[in-house]
Amino acid sequence: MSQISGYHHLTMSTDGAQEDFDFYTKDLGLHSVKRTVLFDGVIPVYHLYYGSPNGDASTIITTFPFRKPGIYGRRGTNQARTIMQAIPMGAADFWVDRLNGRGIEAKKITRFGADRVAFAHPCGIPHELVESDSDPREPITNATQGIGKAHGIKGIYGGLVACFDRTAMDDFLTIALPLTKEADNHEGTVYRVPDANGVIQRVEVIDDRSSPQGTWTLSGGTIHHIALNTGDEDSQLKLRAHIEGLGFTDISEQKDRMYFKSCYVRSPGGALFELAWTTPEGWAKDEAPGEIGKTLVFPPWFKNREDELRSGLEEAAFV
């Protein structure tokens, strides 16, 4: 039986913090869920979270705005390529008009029979808003930005992975995780992510034998990982043991991310996957319920470095 129920979040390394915040909260109408910093290493980098007002799992997009001199990522093959979010049926035209009107080049495309709006983050990472006809999630509305229920983003639809040979991903996705293969044709392969609430969420995999190898480091302009939701710790650790036992040994020990706990595994096609579950306190661990995403917060282990980290962060107005 699968230990996964839907997506937990998707994470990117972007560029400027201000353009990142404005893109997600103003252009796309998501809400600020958490503002903190990168928990790993020593370089001061923001970690910004966006999604529904309450930060519901499967709505969360997170970014590391990584504007550092001489450090930039390379988009290519053998990495996650596209961020996909679900929108109501018939909403694509609204988004094409809205995004183009805001200076973001957008066009309607169709892949695997679904109409989509294709555009890019200011740092270049491809995004798609996919019309989804079987998604019970309430659209994320934002009255300030003029986005109502008829058009609001519902949450994560999926992530697209580009790799040199997509067949290398099949055992990992169908046996190790496991997901269900739904389609396999000239456009690529589609895998359905199990979800206890019946939400349609997918991983799409395409062949790319012409692009250079994409970077796997934490550097601007690239997708860092795709996170799936295990629901709780027991499911996470059972799934981790299952994956490792199959021979996928490039998998991390559990890491404490304050609001959730994570294990990371590198897939054969290069994309990094995360197994995550939200802790009981969740986003309200360091901010009051209803006030999440309003302040810059630090984990306890950075208590003695807060001033140093603040001074090294890019200035941005998160309003």
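A few points on the structure. Just so it is clear, the model here is predicted, and its values are computed rather than measured.

**Thoughts on the overall build of the chain**
When helices and strands are counted, the chain shows 5 helices and 16 strands. Its C-alpha radius of gyration of 18 Å places the chain within 12% of the 20 Å reference for a compact globule of 319 residues. For the C-alpha atoms alone, the extent of the chain along its principal axes is close to 50 × 45 × 40 Å. A buried classification covers 57% of the 319 residues belonging to the chain. Carbon and sulfur atoms form 50% of the exposed surface of the chain, whose accessible area is close to 12900 Å².

**Some remarks on the sheet that holds strand E13 (residues 222-229)**
Judged by pairing direction, the sheet is mixed, and its 8 strands sit side by side in the order E2-E3-E4-E1-E13-E16-E15-E14 without closing on themselves. If you trace the sheet from one side to the other, it starts and ends with strand E2 (31-37) and strand E14 (255-256), each paired once. Two elements, E13 and strand E16 (residues 272-278), share 4 bridges in a ladder whose sense is parallel. Residue Asn229 lies in a different strand from E16, and its bridge partner there is Ala276. Packing against the sheet, helix H1 (residues 17-27) makes contact with strand E1 (7-14), E2, strand E3 (46-51) and strand E4 (60-65), and its axis sits at approximately 10° to E3.

**Points about the pattern of salt bridges**
Opposite charge on two side chains permits them to pair, given that their charged atoms come into close proximity. Inspection of every chain in the model, using the stated rule, returns 25 salt bridges. In this structure, Arg166 engages Asp207 in a salt bridge whose closest nitrogen and oxygen atoms are separated by 2.9 Å. Of the two residues, Arg166 is situated in the loop between strand E9 (155-163) and helix H3 (170-176) and Asp207 in strand E12 (residues 202-207); the sequence distance between them amounts to 41 residues. When the shortest N-O distance is used, the salt bridge between Glu253 and Arg240 registers 3.1 Å. One end of the pair, Glu253, is in the loop between helix H4 (233-245) and E14; the other, Arg240, is in helix H4, and 13 residues separate them in sequence.

**Re the sheet that holds strand E10 (residues 180-185)**
Spatial ordering of the open sheet is given by E6-E7-E8-E5-E9-E12-E11-E10, a layout of 8 strands whose pairing is mixed. The sheet is open, and its two borders are formed by strand E6 (107-111) and E10, each paired with just one other strand. On average, each strand axis in the sheet is tilted by 25° relative to the strand beside it, whichever way the strands run. The sheet contact formed by strand E5 (residues 79-87) and strand E8 (residues 126-131) spans 5 bridges and is parallel. Each bridged residue has a counterpart across the sheet, and for Met84 the counterpart in E8 is Glu128. Contacting E5, E6, strand E7 (114-120) and E8, helix H2 (residues 92-101) crosses the sheet at an angle of about 15° to E7.

**A short note on the nonpolar core**
A general trend in soluble globular proteins is that nonpolar side chains are found buried together. Residues Trp95, Leu173, Leu177, Val203 and Phe273 are the most contacted members of the largest nonpolar core, which totals 62 residues. Setting aside residues up to four positions removed in sequence, Val203 forms contacts with Tyr7, Gly159, Val161, Leu173, Leu179, Thr189, Val190, Tyr191, Val193 and Phe273. Ranked by size, the runner-up nonpolar core spans 11 residues in total, among them Phe39, Tyr49, Tyr259 and Val297.

The rules behind the values
- In this numbering scheme, every chain counts its residues from 1 along its sequence in written order.
- Per-residue local features are limited, in this predicted model, to residues with pLDDT of at least 70; the limit for side-chain atom pairs, both in listing and counting, is 80 or more; totals at the level of whole chains, interfaces and linings are taken over all residues.
- Computation of side-chain values: all heavy atoms of the structure, hydrogens and water removed.
- Going along the chain from the N terminus, every DSSP run of H or I of four or more residues is numbered as a helix, and every run of E of two or more is numbered as a strand.
- Throughout, radius of gyration means the C-alpha value; the globule benchmark is 2.2 Å times the number of residues raised to the power 0.38.
- Accessibility here uses a 1.4 Å probe with only protein chains present; expressed as a share of the type maximum, an area under 20% marks a residue as buried, one over 50% as exposed, and anything in between as partly exposed.
- The Shrake-Rupley method, run with a 1.4 Å probe, gives the accessible areas here. Residue values count only the displayed protein chains as cover.
- The pairing criterion is simple: DSSP has to find at least two bridges between the two strands.
- Residue contacts follow a heavy-atom distance rule, with two residues in contact if any of their heavy atoms lie within 4.5 Å.
- Interaxial angles span 0 to 180 degrees and are taken between N-to-C directions of axes, which are lines fitted to C-alpha atoms, for helices over the stretch in contact.
- The working definition used for a salt bridge is a side-chain nitrogen of Lys or Arg within 4 Å of a carboxyl oxygen of Asp or Glu.
- Among the buried residues, those of types Ala, Val, Leu, Ile, Met, Phe, Trp, Tyr and Cys that are joined through side-chain atoms within 4.5 Å form a nonpolar core.

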